[in-house]
Amino acid sequence: MDISVADRERELLIAAWRLHAKRLLQELDWDDEELAARPFDGGVSLALSAPEDGLYTATELNETAYEAARDLIEGSQRHLLIRAARSLRSEYREEERPRLQRLLAAAREHVTPVVLDEDVLTLGTGKHSQSWDLFELPHPDDVVWRRLKAVPTALITGTNGKTTTVRLLASIAKIAGKIAGVSSTDWLAMGDELLHRDDYAGPGGARIVLRDQRCELALLETARGGLLRRGLAVGRADVALITNIAADHLGDFGVETVEDLADVKWSVTAALDAKSRLVLNAEDPLLMARASTSNAPLCLFSLSPSAPAFKAHVAKGGKGFTLRRGRLEYVDGDVVTGFLSVKKMPLSYGGVAKHNVANALAAAAVAHALGIDLPTIAKGLCALSNEANPGRANIYTVGGATFLVDFAHNPAGLEALMPMIEGLPAKRRALITGQAGDRGDDDIRAFADASSVLRFDRIWLKRMDGHARGRSEGEVADLMRDAFIAQGHSAKSISNTKTELDAVRAALRWAKPGDLVVLLSHEKRDKTRELLESRVAKGTQ
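This one's a predicted model, so the numbers in the text were calculated from it and none came from an experiment.

**Student:** I'm lost on the overall build of the protein chain in this one. Help?
**Tutor:** Helix and strand content of the protein chain: 17 helices and 23 strands. Its C-alpha radius of gyration of 26 Å places the protein chain within 12% of the 24 Å reference for a compact globule of 541 residues. Each principal axis of the C-alpha atoms in the protein chain carries an extent, and together these give about 75 × 55 × 45 Å. Residue burial in the protein chain is summarised as follows: out of 541 residues, 54% are buried. Considering only contacts in the protein chain between residues 6 or more positions apart, those separated by 24 or more positions represent 64%. Counting every atom, the protein chain has about 24,300 Å² of accessible surface; 48% of that belongs to carbon and sulfur. Computed over 70 positive and 74 negative side-chain charges, the inter-centroid distance for the protein chain is 7 Å.

Set out below in structure tokens:
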């Protein structure tokens, strides 16, 4: 529960909430539960643990404890806590499931993974799993426990590069002959079968993958929103990857700073143990500052073998993946094994797309931790075409003009894309961009500033009113317009368009052979791709 509270009253509120929450927990005989409070600027997050079959009751309990604390501080009528406790006990009697509790206790005893929601219990994962409706649970003695175990599981999180890395991993798994279950920002898939198109980078998508008995390998993109709202979908993973940390979605759920965001992403390490592996970006200082706090063995990746953290890590005998003289390398202490020329990998665009090379290194590290050998990893990295990675550094040639389409949606993502933009030949350059309204003014300006290393001859700002998130129509586009003008762009070279497709059509009219149009596609990615592909197919001049 996130509460707005003045900083001067926060500690008093936390103390009063703890007092009443503990009293209510005792009334329900939930004596072993934990309380946690996380302050942030202007508020506090108040949390408590609860039995797996009492989460709805626990939500009511948390709210009741807060209301009692607020009444105590405000000096209003005394809160009828005992009467509330009776009501909560009645609610829990309707919610509690003794059979579920017995099965969960037996699963802990047999060290069997559990996937649980409000309707279904699954023991084991993927091809080693079995699921039951919560109203038809078996007795623990009737479960064949030896058949129920976990398939290899990877958690992939970070600010940028998650989805491309997951797609590279799925390609590697296919070459390895494994049916990979994939949950990601863009879709849910089982092997070559696309199950759903949408954002499934939270626990809901992960549960679908983990319950599918075709799944031999689980690749779970784990996004910030799902972590904050629902937590982790699994109690244990074989490997977790954190690609990088950069400012994005700050201000949501009490996450005010990049350090807060790093803490959110770091929570995936709770699923790791001494037999797992943690893969980190050696060039990210926020990750390196936390690296020593994990119990899992560490594997680093870096675009440069000379990066200080990477160099120190391998000097101590650590494992890592890096790029040296145009080749991907695996480093295990003193042993260095080159396994792929970066120019052979389609997503690298001959090595100019450095951000995708970093994604490939991360994917290689995760795949290796899952037991896949280097030759297979190399084949998998080469097997993923640009067409199979929609919305990520896709290039279309229309009438001699080049359109570069990418999902970059924060300053770090755009900065990572800039070397590729610089590396592509262009007589003139144009930019199509926009931002959702849930960013702060400074973040919106920073996104425009991230492109300042290049001069664009033409800029179209899409309004994205469907993602205004409380801002007035055109407010975000106006902020970006002012930022580009402050960079030195002429006001006449900047236009506002109502939609992304309107901007693409305008760019198609403007472009001439030899021009480069950079399209940061966020809203209508499928429609945008279809429009450009249709122009390519028609041979549009």
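**Student:** What is the right way to look at the pairing of strand β10 (residues 193-197) in this model?
**Tutor:** Taken residue by residue, a regular strand's side chains alternate between the two faces of the sheet. Both strand β9 (residues 187-190) and β10 contribute to a ladder of 4 bridges, which runs antiparallel. Bridge assignment links M190 to a residue of β10, and that residue is E193. Counted between consecutive antiparallel strands, the loop separating β9 from β10 contains 2 residues, among which G191 sits at a positive phi close to 60°.

**Student:** Could you clarify how one ought to interpret helix α5 (residues 162-175) in this entry?
**Tutor:** For the α-helix, the turn length of 3.6 residues means that residues three or four positions removed from each other point alike. Spanning 14 residues, α5 covers 20 Å between terminal C-alpha atoms, matching the ideal 20 Å at 1.5 Å per step. The element α5 is largely enclosed, with a buried count of 11 among its 14 residues. Every buried residue belonging to α5 is among K162, T163, T164, T165, V166, R167, L168, L169, S171, I172 and A173, and all of these are buried. Residue G177 follows α5 closely and has a positive phi angle near 80°.

**Student:** Sorry, what's going on with the nonpolar core here?
**Tutor:** Note that soluble globular proteins tend to have their nonpolar side chains buried in a common cluster. Grouped together as the largest cluster of nonpolar side chains are 41 residues, with contacts concentrated most on F321, L328, F339, I377 and L381. If you tally residues by element for this core, the top one is helix α11 (residues 354-369), at 9 residues. Residue contacts for I377: discarding those within four places in its chain leaves I172, F339, A364, A367, H368 and I372. Residues V115, L188, L210 and L280 belong to the second largest nonpolar core, which totals 37 residues.

**Student:** Sorry, what's going on with the sheet that holds strand β2 (residues 35-40) here?
**Tutor:** Through backbone hydrogen bonds, the strands of a sheet pair up, either in parallel or in antiparallel fashion. Strand order in the open sheet formed by 3 strands is β1-β3-β2, with antiparallel pairing between adjacent strands. Here the strands that pair on one side only, and so sit at the sheet edges, are β1 (2-4) and β2. Neighbour-to-neighbour, the strand axes of this sheet turn through a mean angle of 25°, independent of strand direction. With 3 bridges connecting them, β1 and strand β3 (residues 43-48) associate as antiparallel partners. Residue pairing in the sheet places I3 in a bridge with V44 of β3. Packed on one face of the sheet, helix α1 (residues 7-27) meets β1, β2 and β3 and runs near 165° to β2.

**Student:** In this structure, what is going on with the packing of aromatic side chains? I would like to understand it.
**Tutor:** Remark: the centre distance and the inter-plane angle together describe each pair of aromatic rings, the angle taken between the planes. Tallied over the full model, the rule gives 4 aromatic pairs. Look at W460 and W510: their rings are 5.9 Å apart centre to centre, the planes differ by 80°, and that puts the pair in the edge-to-face class. Of the two residues, W460 is situated in strand β21 (residues 458-462) and W510 in helix α16 (residues 500-510); the sequence distance between them amounts to 50 residues. The exposure classification of W460 matches that of W510, with both residues buried. Across from the ring centre of F135, 4.5 Å away, lies the NZ or CZ of R97, which sits over that ring. A cation sits over an aromatic face here: R428 above W510, 3.9 Å from the ring centre.

**Student:** In this structure, what is going on with the sheet that holds strand β4 (residues 114-116)? I would like to understand it.
**Tutor:** Across the sheet, 3 strands lie side by side as β4-β5-β6; this open sheet has antiparallel pairing. Each end of this open sheet is capped by a strand with a single partner; those strands are β4 and β6 (130-133). Averaged over neighbouring strand pairs, the angle between their axes works out to 15° when direction is ignored. Across the sheet, helix α4 (residues 98-109) is in contact with β4 and β5 (120-123); its angle to β5 comes to roughly 20°. Packing of helix α6 (residues 203-211) onto the sheet brings it into contact with β4, β5 and β6, and relative to β4 it is tilted by some 130°.

**Student:** Hey, could you run me through the packing of α1 against helix α2 (residues 55-74) in this one?
**Tutor:** One way to put it is that α1 packs onto α2 with a least axis distance of 8 Å and a crossing angle of 130°. The angle between α1 and α2 places the two elements in the oblique class. Here α1 runs over α2; the crossing is right-handed. Between α1 and α2, the residues in contact are L12, L13, A16, W17, H20, A21, L24 and L25 and L61, N62, T64, A65, Y66, A68, A69, L72 and I73, respectively. Residue composition of the contact of α1 with α2, by class: 14 nonpolar, 3 polar and no charged.

**Student:** Is there a simple way to explain the pattern of salt bridges in this structure?
**Tutor:** A side chain with one charge can pair with a side chain of the opposite charge if their charged atoms come near. One pass over the full model with this rule turns up 19 salt bridges. Across the pair D263 and R290 runs a salt bridge, and its minimum N-O distance is 3.0 Å. Pair noted here: D263 is in helix α8 (residues 258-266) and R290 is in helix α9 (residues 285-290), with a separation of 27 residues, a long-range link. Taking the relative accessible area as the measure of exposure, D263 reaches 44% and is therefore partly exposed. Here the residues in one salt-bridge network are D117, R207 and R211, joined through shared partners.

About the thresholds
Position labels on residues start from 1 in each chain and follow its written sequence. For a predicted model such as this one, the threshold for reporting local features is a pLDDT of at least 70, and the threshold for listing and counting side-chain atom pairs is 80 or more; totals across whole chains, interfaces and linings nevertheless cover every residue. Water and hydrogen atoms were dropped before computing side-chain values, which therefore reflect all heavy atoms in the structure. Helix and strand assignments follow DSSP, with helices taken as H or I runs no shorter than four residues and strands as E runs no shorter than two, numbered in order from the N terminus. With the radius of gyration taken over C-alpha atoms, the globule rule is written as 2.2 Å times the number of residues to the power 0.38. Residue exposure (1.4 Å probe, protein chains only): buried if accessible area is under 20% of the type maximum, exposed if over 50%, otherwise partly exposed. Whether two residues are in contact is decided by their heavy atoms, any of which lying within 4.5 Å being enough. Surface exposure here means Shrake-Rupley accessible area, sampled with a 1.4 Å probe, where a residue is shielded only by the protein chains that are shown. In this tally Asp and Glu are treated as negative and Lys and Arg as positive; neither His nor the chain ends contributes. The atoms used to mark charge sites are NZ of Lys, CZ of Arg, CG of Asp and CD of Glu. Two strands pair under a simple rule: DSSP has to find at least two bridges between them. Given the number of residues in a helix, its expected span is that number minus one, multiplied by 1.5 Å. In these notes, a set of buried Ala, Val, Leu, Ile, Met, Phe, Trp, Tyr and Cys residues joined through side-chain atoms within 4.5 Å is what counts as a nonpolar core. Only the stretch in contact is used when fitting a helix axis, every axis being a line fitted to C-alpha atoms; angles between N-to-C directions are given from 0 to 180 degrees. Here a Phe, Tyr or Trp ring, Trp counted by its six-membered ring, pairs with any other such ring whose centre lies within 6.5 Å, and the pair is stacked when the planes are under 30 degrees apart, edge-to-face when over 60, and tilted otherwise. Both a distance and an angle decide whether a charge sits over a ring: NZ of Lys or CZ of Arg must be within 6 Å of the ring centre and within 35 degrees of the ring normal. Our angle categories are set so that under 35 degrees counts as roughly parallel, over 145 as roughly antiparallel, 65 to 115 as roughly perpendicular, and the remainder as oblique. In this scheme the crossing of two helices becomes right-handed for a clockwise turn of the near helix relative to the far one and left-handed for an anticlockwise turn of less than a right angle. Amino acids are sorted into nonpolar (Ala, Val, Leu, Ile, Met, Phe, Trp, Tyr, Cys and Pro), charged (Asp, Glu, Lys and Arg) and polar (every other residue, Gly among them). Salt-bridge detection follows one rule: a side-chain nitrogen of Lys or Arg within 4 Å of a carboxyl oxygen of Asp or Glu.

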